[in-house]
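# A structural walkthrough
The primary structure of each chain is shown beneath.
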There are 2 protein chains.
Amino acid sequence: MDAIQKNLLEQVAGLHEIPEGAYNIRSDGQLAGRNTTANIDIISKQDKSGIDIYIKPGTTNESVHIPVILSQSGLQELVYNDFHVGENCDVTIIAGCGIHNCGTDTSKHDGVHTFYVGKNSKVRYIERHYGEGDGRGENIMNPQTVVHLEENAYMEMETTQIKGIDSTNRITRGDLKDGATLEVREKIMTHGKQYAKTDFHVELNGKDSSTNIVSRSVAKGESHQVFLAKISGNNKCAGHSECDAIIMENAHVDATPELSANNIDASLIHEAAIGKIAGDQLIKLMTLGLTEAEAEEQIINGFLK
Amino acid sequence: MDAIQKNLLEQVAGLHEIPEGAYNIRSDGQLAGRNTTANIDIISKQDKSGIDIYIKPGTTNESVHIPVILSQSGLQELVYNDFHVGENCDVTIIAGCGIHNCGTDTSKHDGVHTFYVGKNSKVRYIERHYGEGDGRGENIMNPQTVVHLEENAYMEMETTQIKGIDSTNRITRGDLKDGATLEVREKIMTHGKQYAKTDFHVELNGKDSSTNIVSRSVAKGESHQVFLAKISGNNKCAGHSECDAIIMENAHVDATPELSANNIDASLIHEAAIGKIAGDQLIKLMTLGLTEAEAEEQIINGFLK
């Protein structure tokens, strides 16, 4: 693995070296490393690109890293990864995709991640997207995440797209059984002429199921962001979604949350706010000696933290 | 005018007798009374059903009543009413439609109201919809309101649909110039198998334009409500929308507000909450001696006040 690839790995997975536990590293469309453990098995799919990850019931305090890096300009791929998490697990899954594109062709990674989370299991899922490259080739990522939560399962999903993705269409679908909970925290920053669309639909089918979707985003330059989030309350359940966006320069943001209450015991709330950085916040930091640009950066970092 | 017609008039326009000021009463598709004043003229359209209302610049403290009543089962009509409000006015316009349907045919009133509000003018617009009748005929109303606000114009719009409308598709469009403000307060209650859809789109085109859209609704029985509200911020502007809905029995409510921020100085916010009446509120009123039904009625009345 060369320096570019190593840097991509660090950006998307925080990995300086080979991770502990189970992992599967995909580099330029090829398997670049895999490790399985007594409790976690990883098997390549035979019928299409991708892997099946099997986590045995009762597995706790283990992690799976499945980073994907693309350093060849113009590489385009579609990958299916399925996570089969047994009952009573407590695991962390770290996915992510880094693209280094110095060419003129479009690099593209589309990943479909499907989670089957067993009863009473807890999954922490972290996904980071990162692009770089000084070529004219575009970096495109279209991640799709499908989450099936069994009774009392809990999943926490953290997605971050901070830099260098020219176009992204992020689709997340969830269906929850009795007592299940899905927490989503999304952070997005776009600049230049980038386009980012996120589209959530969570179906609260189970009694006492709940979801909380929080999206924070910063849109700079000429970039355009679209936020869609639909929560369907089909049983006694609680749903909340929140979208806060900062716009700068000539950026556009469209936010369309949707609540669908189909049961008298469904309690659904959403909030959204779009605006620029408050002038008095900037002035406060500038009186402390920061330039306007530094003050803006401070505020954005705090907002996306 | 018979007793049924008089009661409809009272329900939709609060009129016990002939109103003061300008008015135009439409009953079963015919003109039933009209009065004009020195400042307010009302002229029937020649090319289609409807009237043009001309309000002279500088007219203040005057009102226009334009109620519509339908007491013949099966009557269906489409009416265009245009309000030409001069500059520097301060007027109140009371519209409304009441249907009494004791037959088996569908009664339907579709009205398109277009407002051209001049600079610095203030308009208070009140619209009430009411249906009754023990027949099997349906009562349908599809009001469309189009609001054009010139510089620094202010319009307050209060719409109420409390009873007896089986199906309604309410469309409201607004475009605002510099300094203009549109305030909307909507109240809806549906029951039985009723369907009510409201669809707002306000374009904040002018500098320092603003809008505030507040919808409160109660959905009972098997009824279905859909709330759409889009605010486009195309300049330095402020927009806020809020949808609060109480669901009871087997009712469904879908809320989809949309914010579109197309200017760095646009500040847009929305909030929505859907849920049933809180159990502790009910219990509190029941300990004061109310039955559960009475307690619910009290809470709903307070919510829609």
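Residues numbered from 1 in each chain as written. Chains lettered and ligands numbered in written order. Predicted model: local features only at pLDDT ≥ 70, side-chain atom pairs only at ≥ 80, totals over all residues. Heavy atoms only, no water.

## Brief notes about the overall build of chain A
The cut-off we apply is this: Helix numbering and strand numbering both begin at the N terminus, where a helix is a DSSP run of H or I of at least 4 residues and a strand a DSSP run of E of at least 2. Each residue gets one of three labels from its accessible area relative to the maximum for its type: buried under 20%, exposed over 50%, partly exposed in between, using a 1.4 Å probe on protein chains only. Whether two residues are in contact is decided by their heavy atoms, any of which lying within 4.5 Å being enough. Only four residue types enter the charge count: Lys and Arg as positive, Asp and Glu as negative, with His and the chain ends excluded. Where a charge lies is defined by one atom per residue type: Lys uses NZ, Arg uses CZ, Asp uses CG and Glu uses CD.
When you go through chain A residue by residue, the secondary structure sums to 3 helices and 19 strands. Each principal axis of the C-alpha atoms in chain A carries an extent, and together these give about 55 × 55 × 35 Å. Looking at the 305 residues of chain A, the share that counts as buried comes to 54%. Put simply, of all contacts in chain A between residues at least 6 apart along the chain, 80% involve residues at least 24 apart. The average position of the 28 basic charges and that of the 44 acidic charges among the side chains of chain A differ by 1 Å.

## Topic: the interface of chain B and chain A
For clarity, the threshold we go by: Defined in terms of a 1.4 Å probe, buried area is the accessible area two parts forfeit on being brought together, summed over both. A carboxyl oxygen of Asp or Glu within 4 Å of a side-chain nitrogen of Lys or Arg is what we treat as a salt bridge. Side-chain atoms alone can form a polar contact between residues adjacent in sequence; in general such a contact is a pair of N or O atoms within 3.5 Å, and within protein one must be able to donate a hydrogen while the other accepts it. Three categories are distinguished: nonpolar for Ala, Val, Leu, Ile, Met, Phe, Trp, Tyr, Cys and Pro, charged for Asp, Glu, Lys and Arg, and polar for the others, with Gly belonging to the last. Two strands form a pair only when DSSP identifies at least two bridges running between them.
In this assembly, 29 residues from chain B lie in contact with 29 residues from chain A. Both faces combined, the contact of chain B with chain A buries some 2300 Å², and carbon together with sulfur accounts for 48% of it. Viewed at the interface, chain A and chain B are joined by 2 salt bridges. A salt bridge links B:D265 to A:K276, with the shortest nitrogen-to-oxygen separation between them at 2.6 Å. Remark: the boundary between chain B and chain A carries 14 residue pairs in polar contact (both at pLDDT 80 or more). Partitioning the side of chain B that touches chain A into residue classes produces 15 nonpolar, 8 polar and 6 charged. In this structure, strand 18 (residues 252-261) of chain A lies alongside strand 19 (residues 252-261) of chain B, joined through 6 bridges in antiparallel fashion. What sits directly across from A:A255, in strand 19 of chain B, is B:L259.

## Digging into the environment of B:E20
Residue and element names in this part refer to chain B. Note that E20 resides in the loop between helix 1 (3-13) and strand 1 (22-27). Using a relative accessible area of 72% as the deciding quantity, one classes E20 as exposed. Along the sequence, E20 and T168 sit 148 residues apart, while their C-alpha atoms lie 30 Å from each other. Apart from the residues within four sequence positions on either side, E20 is in contact with S63 and H65.

## Here we look at helix 1 (residues 3-13) of chain A
Residue and element names in this part refer to chain A. Quick note on the threshold: This arc corresponds to the set of directions leading from the helix axis out to the C-beta atoms.
All of the buried residues along helix 1 are Q5, L8, L9, V12 and A13. One side of helix 1 carries all its buried residues, which in axial view fall inside an arc of 100°. In this structure, the buried side of helix 1 is in contact with strand 1 (22-27), strand 5 (60-70), strand 7 (90-100) and strand 9 (122-132). In the segment just after helix 1, G14 is the residue with positive phi, at about 65°.

## Digging into the packing of helix 2 (residues 279-287) of chain A against helix 3 (residues 292-304) of chain A
Residue and element names in this part refer to chain A. Operational definition: As a rule, the C-alpha atoms of each element are fitted with a line to give its axis, helices using only the stretch in contact, and angles between N-to-C directions run from 0 to 180 degrees. Take the far helix as your reference; a near helix turned counterclockwise from it by less than a right angle gives a left-handed crossing, and one turned clockwise gives a right-handed crossing.
Where helix 2 meets helix 3, the axes come as close as 9 Å, and the angle between the chain directions of the two elements is 120°. Crossing geometry of helix 2 relative to helix 3 is assigned as right-handed. Every residue of helix 3 that contacts helix 2 at Q281, L282, L285 and M286 is listed here: E292, A295, E296, Q298 and I299.

## Section: the relation of the copies chain B and chain A
A rotation about some axis, followed by a shift along it, carries one copy of the chain onto the other. To keep it simple, the criterion reads: When the copies are superposed, the least-squares fit takes in the C-alpha atoms of residues with a pLDDT of at least 70 in both.
Each copy of the sequence occupies a distinct position, and chain B is placed on chain A by a rotation of 180° and an axial shift of 0.0 Å, giving an RMSD of 0.0 Å. The two molecules are tied by a two-fold rotation axis, judged by turn and shift. Relative to the rotation axis, the C-alpha of B:E271 is the closest in chain B, positioned 2.2 Å from it.

## Side note on the packing of aromatic side chains
We count it as follows: Pairing of aromatic side chains here covers Phe, Tyr and the six-membered ring of Trp, requires ring centres within 6.5 Å, and sorts the geometry by plane angle: under 30 degrees stacked, over 60 edge-to-face, intermediate tilted.
With the rule as written, the count across this model stands at 8 aromatic pairs over all chains. Ring centres of A:F200 and A:F227 lie 6.3 Å apart, and the angle between their planes is 55°; on these two criteria the pair is classed as tilted. Taken together, the residues span a long stretch of sequence, with A:F200 in strand 14 (residues 195-204) and A:F227 in strand 16 (residues 224-233) at a distance of 27 residues. Exposure class is identical for A:F200 and A:F227. Each is buried. For the ring pair B:F115 and B:Y125, a centre distance of 4.6 Å and an interplane angle of 65° mean the geometry is edge-to-face.

## Overview of the environment of B:T198
Note that B:T198 resides in strand 15 (residues 195-204). What B:T198 contacts, discounting residues up to four positions off in sequence, is B:R170, B:E186, B:I188, B:V226, B:F227 and B:L228.

## Regarding the domain arrangement of chain A
Interface extent is often summarised as the accessible area lost during association of the parts. All names here are of chain A. For the record, the criterion: Each domain's extent was defined by an automatic or database domain assignment.
Along its sequence, chain A is organised into domain 1 (1-141) and domain 2 (166-305). Opposite the 7 residues of domain 1 that make contact, domain 2 presents 5 residues. Buried surface at the junction of domain 1 and domain 2, summed over both partners, amounts to about 420 Å²; 25% is from carbon and sulfur atoms. Remark: the boundary between domain 1 and domain 2 carries 1 salt bridge. Residue R170 pairs with E127 through a salt bridge whose shortest N-O separation is 3.4 Å. The tally of links between domain 1 and domain 2 comes to 6 residue pairs in polar contact (both at pLDDT 80 or more). Residue classes in the side of domain 1 that touches domain 2 are distributed as 2 nonpolar, 3 polar and 2 charged.

## Comments concerning the pattern of salt bridges
Residues and elements named next belong to chain A. Enumeration over the complete set of coordinates arrives at 30 salt bridges over all chains. For E186, the salt bridge goes to R170, with nearest N and O atoms at 3.6 Å. Of this pair, E186 sits in strand 13 (residues 181-190) while R170 sits in strand 12 (residues 167-176), and the two are 16 residues apart along the sequence. Taking the relative accessible area as the measure of exposure, E186 reaches 3% and is therefore buried. One connected set of salt bridges, linked through shared partners, spans R124, E156, E158 and R185.

## Some remarks on the side chain of B:E127
All names here are of chain B. Among the structural elements, E127 can be located in strand 9 (residues 122-132). At 3.4 Å, the side chain of E127 forms a polar contact with the side chain of R170. Beyond its immediate stretch of four places on either side in the chain, E127 contacts A95, H113, P143, T145, E158, T159, T160 and R170.

## Brief notes about the side chain of A:D28
All names here are of chain A. With respect to the secondary-structure elements, D28 resides in the loop between strand 1 and strand 2 (30-35). No salt bridge is formed by the buried D28. Its closest oppositely charged neighbour is R26, at 8.9 Å. Non-local contacts of D28, meaning those with residues more than four positions away in its chain, are made with Q5, I69, L70, S71, Q72 and L75.

## A few points about the pairing of strand 6 (residues 76-85) of chain A
Side-chain positions along a regular strand alternate between the two faces of the sheet. Residues and elements named next belong to chain A. Two elements, strand 4 (residues 50-55) and strand 6, share 6 bridges in a ladder whose sense is parallel. Bridge assignment links G50 to a residue of strand 6, and that residue is Y80. Of the strand pairs in this sheet, strand 6 and strand 8 (residues 107-117) are connected by 10 bridges, and their pairing is parallel. Counted as the bridge partner of D82 is T114 from strand 8.

## Brief notes about the state of the cysteines
The test is simple: The disulfide criterion used throughout: a pair of cysteine sulfur atoms within 2.5 Å.
For the coordinates displayed, the defined rule picks out 0 disulfides over all chains. The structure places no disulfide on A:C237, whose sulfur is separated from the nearest cysteine sulfur, that of B:C243, by 16 Å.

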